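Chain by chain, the residues:
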Amino acid sequence: VANSEKDAVHPLFGEASLVFVSVSRQQRKSVSSVFSGGSSLPVFPFDGSSIRILGDLALHWVAANKLRSGHSFNIRLHECGDPYSFADSGGEETGVPRRFASHQFPKTGREAGLASERVALWGFAGCLVSCPSAAMLLPFKHILGAAGTFLWRRLSWAACSELRARMATRGWGKRNRGLEDFSARLAAGPTLQHFLRNASPPQETCPQLAEEPEEPEPYLTSSILEKAGRKVYLETYGCQMNVNDTEIAWAVLQKSGYLRTHQLEEADVILLVTCSVREKAEQVIWNRLQHLTALKSKRLRTQAPLRIGILGCMAERLKEEILHKEKLVDIVAGPDAYRDLSRLLAVAETGQQAANVLLSLDETYADILPVQTSLDATSAFVSVMRGCDNMCSYCIVPFTRGRERSRPLASILREVKVLSDQGVKEVTLLGQNVNSFRDTSEVQFLSAATPGLSRGFSTIYNAKEGGLRFAHLLDQASRVDPEMRIRFTSPHPKDFPDEVLQLIQERHNICKQLHLPAQSGSSRILEAMRRGYTREAYLELIQHVRDSIPGVSLSSDFIAGFCGETEDDHQQTVSLLRQVRYNVGFFFAYSMRQKTRAYHRLQDDVPAEVKRRRLEELISVFREEATRANRAMVGRSQLVLVEGPSKRSATELCGRNDGNIRVVFPDTEMEDGTGSGAVVRAQPGDYVLVKVTSASSQTLKGVLLRRTTLRESSAHR
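Residues numbered from 1 in each chain as written. Predicted model: local features only at pLDDT ≥ 70, side-chain atom pairs only at ≥ 80, totals over all residues. Heavy atoms only, no water.

- Looking at an unreviewed UniProt entry, one finds the protein chain named Mitochondrial tRNA methylthiotransferase CDK5RAP1 and attributed to Chelonoidis abingdonii.
- Comment text from UniProt for the protein chain, heading Catalytic activity (unreviewed entry), reads "N(6)-dimethylallyladenosine(37) in tRNA + (sulfur carrier)-SH + AH2 + 2 S-adenosyl-L-methionine = 2-methylsulfanyl-N(6)-dimethylallyladenosine(37) in tRNA + (sulfur carrier)-H + 5'-deoxyadenosine + L-methionine + A + S-adenosyl-L-homocysteine + 2 H(+)".
- The Cofactor (unreviewed entry) comment attached to the protein chain in UniProt states, word for word, "[4Fe-4S] cluster". (UniProt positions renumbered as here; feature names shortened; annotations may be inferred.)

Okay, here's the thing in structure tokens:
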């Protein structure tokens, strides 16, 4: 049993019966030549997509031995995180198990499965080796903790309560003899090779895993996976990334034969794509689950059971509580486990709860084309990177979304081209830290120059060398279709080198709108938040942006009542709002999240009523200043992408201008823009010129002039 470090593998060869090598997806093709080195041992490279098969085979072997005696038992698996990952924002290694799953093997001998993590597979393989030595167990000691040896922990799961009760009354000598007896019983049973031989045709060469197993796992029958007519209902909560995640999840389920419904009463499967950024967002989900559980209890017996699932950030953060709190949920899938949805639902069909919240270091869903939730949509989201490395002290995202990793540029451009061919007129490039994009998928990209940070900004991590950066992505994406708008969100202010600002200014189809999250106007609070800049550095960046992109529209995020915020700190944030005069703003009262640095190091000492007052004041000041900023557009013509009818009036249309501000105008006839004198009505997806007649803090109103194009409009600026 080995990990992917070559030096840690070879000393184990003399004592192992099998070698499992944990690799990334890119390493699988070459790993055998690296690790086998002339050895006759079977070497099995695996990654996140193939680990389930091996782990489940090991589970069946243990279960089969026990089931022959006619008993039922529980296997409780502690799945540990990557021993090299950060335990918190300080980067300390703890080795404390952070995930678990529980499965019941009934007397019927019915097969069951478990999505295992790397450590779980190592553990099961360790149980199957006849004489594991201390050298084999050493790599796992700091992962599993000091309470008992690795081997005893793993074997205690298989023996469960019967063996524990018998050994609890003995001395350590008798315990060891009992352990030896049980080890002998395991050694006499079928080996893992037995299951591998029966699961696949004989191979003349050293057995290796195939490229990507498309066949379902052996314990899942086709009748379970292919549920004809099974309808899925998807609800999305939170940010734009969750909208994109919903489209990815639906693409996976559609491929497995599920149907989509927009009527809750018709659904056989209800999936909630959740947000965990604030406590209020989580409470909305808990309330929704109570309603759905009541709906589930009213399900007719003649119908298939209703399955409810939690996806996304809340699933990652609260897996244990979700699964066991009043048994409200059947499946739980984290942001990096959407590929596993069909299997999880198939396991749920057997009456078990199923979960996979494994975070990945390389999952970007680059090979999955999201299915747009609305076929006639004029705009779409394209995810370009996932995760975040900034570790701001208030933010849960690094713990629910994982480390930063970027999609290959080629896959992003392909998706943008597909959307263009479908008639989409606006694409928003998405990422938790979108302008930290860094494509290292090809060797030649590693020699690319590393851009500097914005002046006066810093990070908690060392500079990342090489890779194609955001400026290159923005340049290539804007070339796909000159008549398609390009936006991006959400960026970090530190990653705005001059080449990005210059490109936005020069390219007519890149929107002149930037989101620059400030969070606070106080340098003291910004330091406590670990934002990596001061008030002065932020204001200097704002001025540089406005000098580089005349007429740019600005938006920002702010948190009211962060730990230790005084009234003076709050007033500095108020003054920042007045000084910058944002066009769009997003404001939130601080909500402390477990696992964050603030949770471990700071005190949430601002009373709730003070947070509410400060939040209301920030919103009031923002609206006042945004109204002034928007009124400056009265009398001017704005290029607007028509989205459809206004929600408040059937006689009006609405859309958004280049600065992402909502524009409402009458649905009247207009010139077609060709110079022929023809009269037409605006349709969703049209670019039109609207003369602004009035403005509020959030909306512009105007009259329709004529239809136009991006090129034509930019030529007359």
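## Details of the sheet that holds strand 17 (residues 485-489)
In step 1: Spatial ordering of the open sheet is given by 11-14-17, a layout of three strands whose pairing is parallel. The outermost strands of the open sheet, each flanked by one partner alone, are strand 11 (379-383) and strand 17. The sheet shows a mean angle of 25 degrees between the axes of neighbouring strands, direction not considered.
In step 2: As defined by bridge partners, strand 14 (residues 426-430) adjoins strand 17 across five bridges and the pair is classed as parallel. Residue Leu429 lies in a different strand from strand 17, and its bridge partner there is Phe488.
In step 3: Each of strand 11, strand 14 and strand 17 touches helix 10 (residues 240-255); the most contacted strand, strand 11, lies at about 90 degrees to it. (Pairing = 2+ DSSP bridges. Helix = DSSP H or I, 4+ residues; strand = E, 2+ residues; numbered from the N terminus. Axes fitted to C-alpha atoms, helices over the stretch in contact; angles between N-to-C directions. Contact = heavy atoms within 4.5 Å.)

## Comments concerning unusual backbone geometry
In step 1: Of note, the amide linkage connecting Thr489 to Ser490 takes the cis form, showing an omega dihedral of 0 degrees.
In step 2: Along the chain, the position of Ser490 falls in the loop between strand 17 and helix 18 (498-506).
In step 3: Although it is not a glycine, Tyr365 sits at a positive phi angle of roughly 55 degrees.
In step 4: The topology assignment puts Tyr365 in the loop between strand 10 (354-356) and strand 11.
In step 5: Under the relative-accessibility criterion, Tyr365 is labelled buried at 1%.
In step 6: Unlike most non-glycine residues, Met391 shows phi in positive territory, near 55 degrees.
In step 7: Relative accessible area serves as the criterion here: at 9%, Met391 is assigned to the buried category. (Buried < 20%, exposed > 50% of the residue type's maximum accessible area, 1.4 Å probe, protein only.)

## Here we look at the pairing of strand 26 (residues 687-695)
In step 1: The sheet contact formed by strand 21 (residues 637-645) and strand 26 spans five bridges and is antiparallel. The residue bridging Leu639 from the neighbouring strand is Leu689, located in strand 26.
In step 2: The hairpin turn running from strand 26 into strand 27 (residues 699-708), its antiparallel successor, is three residues long.

## Side note on helix 21 (residues 567-580)
In step 1: The end-to-end C-alpha distance of helix 21, which contains 14 residues, comes to 20 Å, matching closely the 20 Å that a straight helix rising 1.5 Å per residue would cover.
In step 2: Taken together, the buried positions of helix 21 are occupied by Asp569, His570, Thr573, Val574, Leu576, Leu577 and Val580. What you see down the axis of helix 21 is that its buried residues fit within an arc of 155 degrees, all on one side.
In step 3: Next to the buried residues of helix 21 lie helix 19 (523-529), helix 20 (535-548), strand 19 (553-560), strand 20 (584-589) and helix 23 (608-631). (Expected span 1.5 Å × (residues − 1). Arc of directions from axis to C-beta.)

## Points about the side chain of Thr573
In step 1: When you line up the elements, Thr573 lands in helix 21.
In step 2: A polar contact is formed between the side chain of Thr573 and the backbone nitrogen of Gly521, at a distance of 2.9 Å.
In step 3: Once residues within four sequence positions are removed from consideration, Thr573 is found in contact with Ser520, Gly521, Ser522, Phe558 and Leu618. (Polar contact = N/O pair within 3.5 Å; in protein donor to acceptor, adjacent residues only side chain to side chain.)

## Quick notes on the packing of helix 20 against helix 21
In step 1: The geometry of helix 20 relative to helix 21 is characterised by a closest axis approach of 12 Å and an angle of 10 degrees between their N-to-C directions. Classified by the interaxial angle, the pair formed by helix 20 and helix 21 is roughly parallel. On helix 21, the residues touching Arg535, Tyr538, Leu539, Ile542 and Arg546 of helix 20 are Gln572, Ser575, Leu576, Gln579 and Val580.
In step 2: Split into classes, the residues belonging to the contact of helix 20 with helix 21 amount to five nonpolar, three polar and two charged. (Parallel < 35°, antiparallel > 145°, perpendicular 65-115°, else oblique. Nonpolar A, V, L, I, M, F, W, Y, C, P; charged D, E, K, R; others polar.)

## Things to note about the pairing of strand 8 (residues 307-312)
In step 1: Most of strand 8 is tucked away, with six of its six residues classed as buried.
In step 2: The pairing of strand 7 (residues 269-274) with strand 8 spans six bridges and is classified as parallel. In the strand pairing of strand 8, Leu272 is matched with Ile310.
In step 3: Assessed by its sense of winding, the connection that carries the chain from strand 7 through helix 11 (residues 279-297) to strand 8 is right-handed. (Right-handed = clockwise from strand over helix to strand, strands pointing away.)

## Considering the sheet that holds strand 20
In step 1: Spatial strand order, 18-19-20: three strands in an open sheet with parallel pairing. Of all strands in the sheet, those with a lone pairing partner are strand 18 (513-515) and strand 20, marking the two edges. Between one strand axis and the next, the sheet turns by 10 degrees as a mean value, whatever way the strands run.
In step 2: Bridge count between strand 18 and strand 19: three bridges; the pairing is parallel. Looking across to strand 19, one finds that Gln513 is bridged to Ser553.

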